[in-house]
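Architecture at a glance
If you want the building blocks of each chain, they are given just below.
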Amino acid sequence: MLSRLHEQPWQLPQPLAPLPVQGQEAEALAALALPEPLVTLLRRRGFEDAAAMSALLDPPQAPDPRRHFPDLGKAVERLKLACRQAEPVAICGDYDADGMTSTALLVGVLQRLGAVPQAAIPSRQDDGYGLNAAMVERLAAAGVRLLITVDNGVSATEALDRAVALGVEVILTDHHTLPKDPPPCLALLHPACTPPRSPYRGLAGVGLAHVLATALCRQLRRADGLAIALNLFCIGTIADMAPLQGVNRRWLLEGLPQLASTSLPGLQALQQLAGLQDQPIDAQTVGFQIAPRINAVGRLGDPLLVVSLLTTEAMDEALELARACETLNRQRRDLCSAIEAEALALLEADGPHTPAFVLLAQTHWHHGVIGIVASRLVERCGRPVALLASEGDGRLRASVRAPRGFAVDQALTACGDLLERFGGHPAAGGFTVRAERVAALQERLESLACAWLERHGAGQPVEPEVLLRLDQIDRRFYSQLQRLEPFGIGHPAPLFWSAGCQVASQRLLRGGHLQLELEQNGVRHRAIAWRWQGEDTVPDNLDVAYRLGQNRWQGEERLQLELLALRPSASGAVRLVCGGRTYWCSRRGEGLLIRNAAGDELCREAPLEAAQTDDHPYLRALVLEAAMALGMAS
């Protein structure tokens, strides 16, 4: 199968109205000191004026959480009592990175404040997700009378009823969908309980744990818990891919610079093994270097390993535990590579045509990593993917991933009569199915995916946001780009594009990556296409869509273009459909030539200036779209 890097359709952005050249808004934009391409980027993302852009660069401080979470005061008072009386407190988390960091955050803070916390995380293999009645019974028998859930709990009706019956008080902190009937508990901290448009609405589980822990620390006037709470908030929020808006953005801006000098031995050990000593830690570093080492444990090992790592105060123990995480992460990478290769072989054995819905099953595949491999297959083939592994007893458990636009949760609901259980959201989900129903399930999912492809077409378009010339890319531009960080869900790293780039050199690297040296107007930049599976050579003249990154190798740092798509250059001539009419557009020197189907020609020596002053809206839009398509406008 070929990489879709060079096969995807391109959808260029709509031209923007010109910026004001004078007045208060022009002065305010100038005061931001952002390069024009970054101002264009923010305008396309809905930041319509300088005030909105300024709020992104410097978000407001978080408001008093007591005014946004009605039960926060009740929860804090109960925890103050537990700390004064050195009471046992169980922290029930989940086995993903959000749940493990949430658990470690509350365990670490509470043990400093005088309580006796213990982590209680269910087994991925044996218990499944979330709090269950058997856990409540074991904890109650051990003398626990207060339980805090993190990143789970709102749907654990049986377990919560059992807690009430056994006299165990429960503080629920969760961000998953609230049921219609409120769950029985002492206190509930949930983003949906905050006012509309609250900056707390995007919190993941670790964010709610951070709210609870910091409110408790401030009530007890104990600053020693605040720093570790912020450290672990940063790790869990990025690992869970929570939206980087509201208080998430404010706290990440405050917390990320502190990670390099963290006092937590566990984070120090992870950074040491990842080779991150003496380096600033940004969101990308957390997402690609630290979070996978934590996530691997939840997928393949015992989640309590991570909790121990992030709560130990001994550096020797931290290094030993971090090495165990490193071992599991290597196993995770090896498993993913092996399953991906096997899945691709199964697809190729089925013939040259990729099905509308890719459903593959092997009993020996590992449940903990099939979701990762499914995501990789979606990137390769642009189709929804389900990978199934044996659950025993004649059942198969699946992870489902899909391209943007295909609603996984709706598709699974439409197949609910064939499934034992299922759940998810539009981009991802999971289900359990009996083996004898797999064929019928595949047929129905194929039908749903075929209908979706007929409506939306095959292949998700590449949607670059801003045109850049290669001579605009330098250290100063990159430092300005970093002012827009952290990037993540809701505010992704920008996708730039450059038109008419000459390929000065190209070579395949070990690991299947394609390295290009691109040249434009006498300026060269290195570009890398990760996991390239296309032809051995690419055309000499390219348009490229990319994210701008920084490569560190043997102590040297250099900027590089991380390619997401490429195509033969469209800078010579393009066919443009505007208002239902077809035009042929080409460059004429520094100007623009547009010809319609009747052969009539329109010339513009300075297309952008003319488009800004031309009185006819249709003609103005036509000139701007032609300039955009030819790489003459951003």
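Preceding this section is the structure that the text describes.
Residues numbered from 1 in each chain as written. Predicted model: local features only at pLDDT ≥ 70, side-chain atom pairs only at ≥ 80, totals over all residues. Heavy atoms only, no water.

1. Some remarks on the nonpolar core
Ranked by size, the top nonpolar core spans 96 residues in total, and within it L105, L106, L110, I148, L203, L212 and L387 carry the most contacts. Considering every element that reaches this core, the biggest residue donor is helix α14 (residues 315-349), with eleven residues. Other than its neighbours up to four places away in sequence, I148 contacts L79, V89, A90, I91, C92, L106, L110, I171, T173 and L212. Grouped together as the second largest cluster of nonpolar side chains are 38 residues, L34, L38, V39 and Y546 included. (Core = buried A, V, L, I, M, F, W, Y, C linked by side-chain atoms within 4.5 Å. Buried < 20%, exposed > 50% of the residue type's maximum accessible area, 1.4 Å probe, protein only. Helix = DSSP H or I, 4+ residues; strand = E, 2+ residues; numbered from the N terminus. Contact = heavy atoms within 4.5 Å.)

2. Some words on the packing of helix α1 (residues 24-32) against helix α3 (residues 50-57)
The contact between α1 and α3 brings their axes to 9 Å, and the two run at 20°. Classified by the angle their axes make, α1 and α3 are roughly parallel. Seen along the crossing, α1 lies across α3 with a hand that is left-handed. The residues of α3 that touch α1, namely those facing E25, A28, L29 and L32, are A50, M53, S54 and L57. Here the contact of α1 with α3 is built from residues that sort into six nonpolar, one polar and one charged. (Axes fitted to C-alpha atoms, helices over the stretch in contact; angles between N-to-C directions. Parallel < 35°, antiparallel > 145°, perpendicular 65-115°, else oblique. Left-handed = near helix turned anticlockwise from the far one by under 90°. Nonpolar A, V, L, I, M, F, W, Y, C, P; charged D, E, K, R; others polar.)

3. So, the sheet that holds strand β1 (residues 88-92)
Across the sheet, which stays open at both edges, the five strands sit in the order β2-β1-β3-β4-β5 with parallel pairing between neighbours. What marks the edges here is a single partner per strand, and that holds for β2 (116-120) and β5 (187-189). Each adjacent strand pair in this sheet contributes to an overall mean axis angle of 20°, direction not counted. Here β1 pairs with β2 via five bridges, running parallel. Within β2, the position partnered with P88 by the bridge is V116. Along the sheet face, helix α6 (residues 133-141) touches β1, β2 and β3 (146-150) and points at about 155° away from the line of β2. (Pairing = 2+ DSSP bridges.)

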